[in-house]
Each structure stands twice: as C-alpha cells, then as structure tokens.
Amino acid sequence: MTPGWLANPYRKGEDDLGPIYGKQWTAWKDRRMATSSDERDRLLAKGYKVRMMSDYVHSEDGKHYEWLMEREINQLEEALKKLLTDPSDRRIIVSGWNVGELETMALPPCHMDYRFVSLSGEDGGPRVLHVVMTMRSTDMYLGLPFNMASTEMFLHVMARLSGHVTGTVTVQLTNAHIYLNHMDKVNQQLAFAPKSLP
C-alpha cells in the first residue's frame, strides 16, 4: 500500500480499506429526500427507511416536513434477479464506483464494474452469459491476473445460478502499469519458457 492509502482517516484498522468492492456490491447506500408524506410513503413501500425527519417554516404556507430516506441495494442479488427474469436487459451492471463514498475508501475501486450480457443460444439452446469488466487502474503484474481469474469465476457463478452457459470475459484496461519494485519478478517470469495449456 502507498502512504496515501494508509493515511486515509476513514480506515478502521491495519487491514481496512473502507467501503470498497463487497460493501458496494452488496450494501450500496441509496439516500433520498422526501418532501411530502406521499413521497415518503411511496419510498417506504419500495423498502426505504426513514433515517431523519425535519420540520421548517417555509414562507406563509406554514410548516413543511422533509424526510431523509435510505435503503441498501444488493447489486449482486439485483443482477441475478434480472438474469433470471429479464436476461435481455442491457442494464445488468454491478458497480463499485460510488462517487458519494469515494473519499471514505483508502483505495478507490480498481476494477470498477461488471456488465453482464445475455445472448440467445444457438439453435434454441440455453442462453449464453458474457461479462465485460472495466479496470480504471491496472497493476499488470499482481492485480490483473487475480482480477481476470476472479472475473472468470464470477461469470461461472452467475451463469450457473441463472441457467446460462458460460460465454466470454472481456476486460477493458485503463492506466495499465508495472511498479518498479516488481520489475525483477516480471523479468524473471518473462524468461520462463511458455508451457502448453492444461
């Protein structure tokens, strides 16, 4: 870790990076202000909870109320539901890039999002599930191999749970780099003779 990450005041301990990855995937905070009891009730029916209420005087109309409403979104669950009920939806996305919580993360997400694409199978066969993963910053030696393998595993899990056949993994890299302190190991690995795939 770099000193900047370690100095983040929101860290809760030596191994804590803040609300990244899993927290965003399974407990994304969605907050809204309701300015009428009708709007509050509509949000309550959608699973929001009242977190705060305030009243204030607004001109001659008298007292008005506002409610801070909040819910948590499990993006993994929502993506799976979509794959099961509406696999052609073009918005089956799991994102870790929560702008409202970036400053509380010691390290903003490097692999930012996963976009699932479900296509009809050949000759009426089962649907095929593909995933596109975007990396905003790519540590080519340590991060990328792990991210590629975990994305492949994620695709297999989602395909199996949703009754799809596994398709392809596409990885979009941005800011690909190799750290200087990795160069000896990179050169050592490049010197190895390639072996046949299993």
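Residues numbered from 1 in each chain as written. Predicted model: local features only at pLDDT ≥ 70, side-chain atom pairs only at ≥ 80, totals over all residues. Heavy atoms only, no water.

**What to know about the overall build of the protein**
Scanning the protein from terminus to terminus reveals six helices and nine strands. Computed over the C-alpha atoms, the radius of gyration of the protein is 22 Å, more than 25% above the 16 Å expected from 2.2 N^0.38 for a compact globule of 198 residues. A principal-axis box enclosing the C-alpha atoms of the protein has dimensions of 80 × 55 × 25 Å. For the protein, long-range pairs separated by at least 24 residues make up 61% of all intrachain contacts whose partners lie at least 6 apart in sequence. Approximately 13000 Å² of the protein is accessible, and the part contributed by carbon and sulfur atoms is 56%. When the 23 positive and 25 negative side-chain charges of the protein are each reduced to one mean point, those points stand 3 Å apart. (Helix = DSSP H or I, 4+ residues; strand = E, 2+ residues; numbered from the N terminus. Rg over C-alpha atoms; globule rule 2.2 N^0.38 Å. Contact = heavy atoms within 4.5 Å. Areas by Shrake-Rupley, 256 points an atom, 1.4 Å probe, with all protein chains shown as cover. Lys, Arg positive; Asp, Glu negative; His and termini not counted. Charge placed at Lys NZ, Arg CZ, Asp CG, Glu CD.)

**Some points on the pattern of salt bridges**
Counting across every chain of the model gives 13 salt bridges. Among the charged side chains, a salt-bridge network with shared partners connects Lys-29, Arg-31, Arg-51, Glu-70 and Glu-72. (Salt bridge = Lys/Arg side-chain N within 4 Å of Asp/Glu carboxyl O.)

**Points about the confidence of the model for the protein**
A residue-level look at the protein finds 95% of positions with pLDDT of 70 or above and a mean pLDDT of 91. Mean pLDDT across the secondary structure elements of the protein bottoms out at helix H1 (residues 3-6), with 69, and peaks at strand E4 (residues 93-95), with 98. (pLDDT = per-residue confidence, 0-100.)

**Overview of the packing of aromatic side chains**
In this description, a pair of aromatic rings is defined by centroid distance and the angle of the planes. In the structure shown here, the tally under the stated rule is five aromatic pairs. Considering the side-chain rings of Phe-116 and Phe-154, the 5.3 Å spacing of their centres and the 85° angle between planes classify their relative orientation as edge-to-face. Of this pair, Phe-116 sits in strand E5 (residues 111-119) while Phe-154 is found in helix H5 (residues 143-162), placing the two residues 38 residues apart along the sequence. Exposure remark for Phe-154: the relative accessible area of 17% places this residue in the buried category. Here the aromatic cluster, defined as three or more aromatic residues joined through ring pairs, consists of Tyr-21, Trp-25, Tyr-114, Phe-116 and Phe-154. Of note, Arg-40 hangs over the ring of Trp-67, and the distance from its end group to the ring centre comes to 4.8 Å. (Phe/Tyr/Trp six-rings, centres within 6.5 Å; stacked < 30°, edge-to-face > 60°. Buried < 20%, exposed > 50% of the residue type's maximum accessible area, 1.4 Å probe, protein only. Lys NZ or Arg CZ within 6 Å of the ring centre and 35° of its normal.)

**Brief notes about the packing of helix H4 (residues 75-85) against H5**
As a packed pair, H4 and H5 sit with axes 9 Å apart at the nearest point and diverge in direction by 50°. One way to sum up the angle between H4 and H5 is to call them oblique. Where H4 crosses over H5, the two elements pack in a sense that is right-handed. In contact with Leu-76, Ala-79, Leu-80, Leu-83 and Leu-84 of H4, H5 contributes Phe-154, Met-158, Leu-161 and Ser-162. Each residue belonging to the contact of H4 with H5 can be placed in one class, and the counts come to eight nonpolar, one polar and no charged. (Axes fitted to C-alpha atoms, helices over the stretch in contact; angles between N-to-C directions. Parallel < 35°, antiparallel > 145°, perpendicular 65-115°, else oblique. Left-handed = near helix turned anticlockwise from the far one by under 90°. Nonpolar A, V, L, I, M, F, W, Y, C, P; charged D, E, K, R; others polar.)

**Some remarks on H5**
End to end, H5 covers 28 Å across 20 residues, agreeing with the expected 28 Å (1.5 Å per residue, within 8%). Taken together, the buried residues of H5 touch H4, E5, strand E6 (128-135), strand E7 (138-139) and strand E8 (165-173). Just past H5, the residue Gly-163 takes up positive phi, approximately 75°. (Expected span 1.5 Å × (residues − 1).)

**What about unusual backbone geometry?**
For Tyr-21, which is not glycine, the phi dihedral falls at a positive 40°. As for its position among the elements, Tyr-21 is in the loop between H1 and helix H2 (22-27). If you check the backbone angles, Asp-123 has positive phi at about 50° while not being a glycine. Within the fold, Asp-123 resides in the loop between E5 and E6. Owing to a relative accessible area of 82%, Asp-123 belongs among the exposed residues under this scheme.

**Side note on the nonpolar core**
One finds Leu-83, Val-94, Tyr-114, Phe-116, Leu-129 and Met-158 to be the most contacted residues of the largest nonpolar core, which totals 23 residues. Of all the elements in the fold, those that place two or more residues in this core are H4, E5, E6 and H5. Broken down by element, the residue count for this core peaks at five residues, all from H5. (Core = buried A, V, L, I, M, F, W, Y, C linked by side-chain atoms within 4.5 Å.)

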